[in-house]
Protein chains: 2
Amino acid sequence: MIKTYWWFLLGVFSVACSGEDTPDKRSDNLLYQYSTIDALLGGVFEGDLHMSDLGAQGDFGIGTFNAVDGELFMNEGELYRIRHDGKAYPVAPSETSPFAVATFFQRDTVFEFNAADGPISYEGLQDRLGRLLKANHIYAIRIIGDFAQVRTRAPAPAHRPYPTLLEHLNDHQHTFTLNEVKGTMVGFFVPHFLKNINVDGFHFHLLTADKQAGGHVFGFESRALKIELSRMRNITVELPGTSAFQHVNLTMDRNNDVRIVEQGK
Amino acid sequence: MIKTYWWFLLGVFSVACSGEDTPDKRSDNLLYQYSTIDALLGGVFEGDLHMSDLGAQGDFGIGTFNAVDGELFMNEGELYRIRHDGKAYPVAPSETSPFAVATFFQRDTVFEFNAADGPISYEGLQDRLGRLLKANHIYAIRIIGDFAQVRTRAPAPAHRPYPTLLEHLNDHQHTFTLNEVKGTMVGFFVPHFLKNINVDGFHFHLLTADKQAGGHVFGFESRALKIELSRMRNITVELPGTSAFQHVNLTMDRNNDVRIVEQGK
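Residues numbered from 1 in each chain as written. Chains lettered and ligands numbered in written order. Predicted model: local features only at pLDDT ≥ 70, side-chain atom pairs only at ≥ 80, totals over all residues. Heavy atoms only, no water.

Concerning the interface of chain B and chain A
- Counting residues at the interface gives 33 residues for chain B and 32 residues for chain A.
- Approximately 3,000 Å² of surface area, both sides summed, lies buried where chain B meets chain A, with 49% of it carried by carbon and sulfur atoms.
- The interface formed by chain B and chain A holds two salt bridges in total.
- For the salt bridge of B:Glu238 with A:Arg233, the shortest nitrogen-to-oxygen distance reads 3.0 Å. (Contact = heavy atoms within 4.5 Å. Buried area = accessible area lost by both parts, 1.4 Å probe. Salt bridge = Lys/Arg side-chain N within 4 Å of Asp/Glu carboxyl O.)

Examining the environment of B:Arg153
Residue and element names in this part refer to chain B.
- Mapped onto the fold, arginine 153 is located in strand β12 (residues 138–155).
- Under the relative-accessibility criterion, arginine 153 is labelled buried at 5%.
- On a C-alpha basis, the gap between arginine 153 and histidine 84 in space is 7.6 Å, while along the polypeptide they are 69 residues apart.
- Reaching out from arginine 153, the side chain makes a polar contact with the side chain of glutamate 71 at a distance of 2.8 Å. (Helix = DSSP H or I, 4+ residues; strand = E, 2+ residues; numbered from the N terminus. Buried < 20%, exposed > 50% of the residue type's maximum accessible area, 1.4 Å probe, protein only. Polar contact = N/O pair within 3.5 Å; in protein donor to acceptor, adjacent residues only side chain to side chain.)

Let's talk about the relation of the copies chain B and chain A
- Taken as rigid bodies, chain B and chain A are interconverted by a rotation of 180° and an axial shift of 0.0 Å, the fit giving an RMSD of 0.0 Å. In the structure described here, the two chain copies are related by an operation that fits a two-fold rotation axis. Considering only C-alpha atoms, the part of chain B nearest the rotation axis is B:Thr236, at 2.0 Å.
- Taken as a fraction of all interface residues of chain B, those also at the interface in chain A reach 97%, which identifies the copy contact as same-surface. (Least-squares fit on C-alpha atoms with pLDDT ≥ 70 in both.)

Points about the confidence of the model for chain A
- When pLDDT is averaged along chain A, the result is 88; 85% of the residues meet or exceed 70.
- Overall, residues 259–265 of chain A carries pLDDT values under 50, and its contacts beyond four positions in sequence, including any with other chains, amount to 24 contacts. (pLDDT = per-residue confidence, 0-100.)

Overview of the packing of aromatic side chains
All names here are of chain B.
- Applying the stated criterion to the full structure yields 20 aromatic pairs over all chains.
- Aromatic side chains phenylalanine 45 and tyrosine 162 sit 5.1 Å apart centroid to centroid with 45° between the ring planes, which places their arrangement in the tilted category. In this pair, phenylalanine 45 sits in the loop between α2 (37–41) and β3 (49–50) while tyrosine 162 sits in the loop between β12 and α5 (165–172), placing the two residues 117 residues apart along the sequence.
- Taking relative accessible area as the criterion, phenylalanine 45 reaches 1% and is therefore assigned buried.
- Note on tyrosine 162: relative accessible area 23%, which makes it partly exposed. (Phe/Tyr/Trp six-rings, centres within 6.5 Å; stacked < 30°, edge-to-face > 60°.)

Some details on the pairing of strand β9 (residues 100–103) of chain B
All names here are of chain B.
- Side chains of β9 alternate between two faces, with Ala100 and Ala102 and Val101 and Thr103 buried alike.
- Examined bridge by bridge, strand β2 (residues 30–34) and β9 share three bridges and lie antiparallel to one another. Bridge pairing in β9 links glutamine 33 to valine 101.
- Relative to β9, strand β4 (residues 60–64) runs antiparallel, the two sharing four bridges. For glycine 61, the partnering residue across the bridge sits in β9 and is alanine 102. (Pairing = 2+ DSSP bridges.)

Details of the side chain of B:Thr208
Residues and elements named next belong to chain B.
- Looking at where threonine 208 falls in the secondary structure, it is placed in strand β14 (residues 201–208).
- Within the local environment of threonine 208, its side chain forms a polar contact with the side chain of aspartate 210, the two groups lying 2.6 Å apart.
- Setting aside residues up to four positions removed in sequence, threonine 208 forms contacts with Leu178, Val181, Lys182, Gly183 and Ala213.

Here's the deal with α5(B)
All names here are of chain B.
- Taken together, the buried positions of α5 are Leu165, Leu166, His168 and Leu169. Along α5, the residues classed as buried sweep out an arc of 160° about the axis, all on the same side.
- The inward-facing, buried residues of α5 contact α2, β12 and β13 (173–190). (Arc of directions from axis to C-beta.)

The following block contains the structure:
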């Protein structure tokens, strides 16, 4: 059963909002993930996950491509790559990724913000959702929005020998300010105890409604949002068999907050 | 293909030992896990995982039971509970667990130590295996041994309100010294980056060959060992829907080294 709420009517959050239905089967609501965020942060920029493999694991997701050449966006089974020129490109099944996350999106809760609610920032949305979601669970989140502005980024491809991800982003990410756009954000809320595995907290990638632009989301101001949640019951992590994954040092505690790296060229 | 090595012939480890075959399918070599070690450490001692559910996820594994009433041992589909009286009991499908790990064990590498190799301690085995295994991968490990001595423990059941696991073990674990026994140890090697999810490093539970005794393994001296390895390609973590799991604070970094708590009553 899908529950729909209109915040302009409710005014405040209700604990009843979080009463999603329990999946019937333990295999439902499975989040699939290839590699770990710590391996990507450590410079494991090549993997053997083909887009055809990822598509078998879900119709909704985010990630990157080998050599961190762009941001991966998947919604309703359609895959796009947003490159450092800011443009979105269709993705071929043979393209490969060192880090990606996917699920078959089954919304269990829906919220809407309308114009009457006033503008909503990314920070404001995170604050509201953060109070609503169960802190120890994973959520897939789709946001369909009308935005006054969205700030995004996409990295240029890296070259061997690969640096760490934050080193690469500091020098080679391109940032974009998209004004007056409609679009869809796909992403996740991941609890803190998975911080070595995935980006903890909220993490979204955008594709504009005209499918021409997007990127990793740094911030936005929106006029209207429709937010669909899918609580994940299981997470599967595939550990790459590649030499790069086997040899990266994953014993250190990294700063994985790739969301706050807003500066850059 | 299964590879067998006789260490008394080889003398030293060979890098060739680690060249297991790659699984054919991405769904192969899946480690299933219910809840997280941090939740168990934090006092989430009740779950809704029935043994019949666990059996559907594997024929080999370890864990505990609700109220941490004993140590769970599963090998070749047979489940036992080693209680704080030191005795092993068969397990009914309806019994429940707050934390358990299982896989369908498919050995890909086999080692043997014979009497000619001299006695082998748990520390010595960990040291040798630690140099052999890929540090960023998960291994299921079965050890069939002839032991001069094995030191084990099993906790007494806890009572509500539940303490943390280490608090409970400090006061309510029972330790056992088993002399001149044969038995099977089942367990895992888990890489450091999963330390909030599972016990990192080596972790074994024992059942004696007569199926009368066992427990969580603290140490051993063995005469002969057969060691079977199964490298895991994927780990699936099921996040319990229980209120206890939803509300435990999983944002702190816990000391999860339950292996070194050897003192106790």
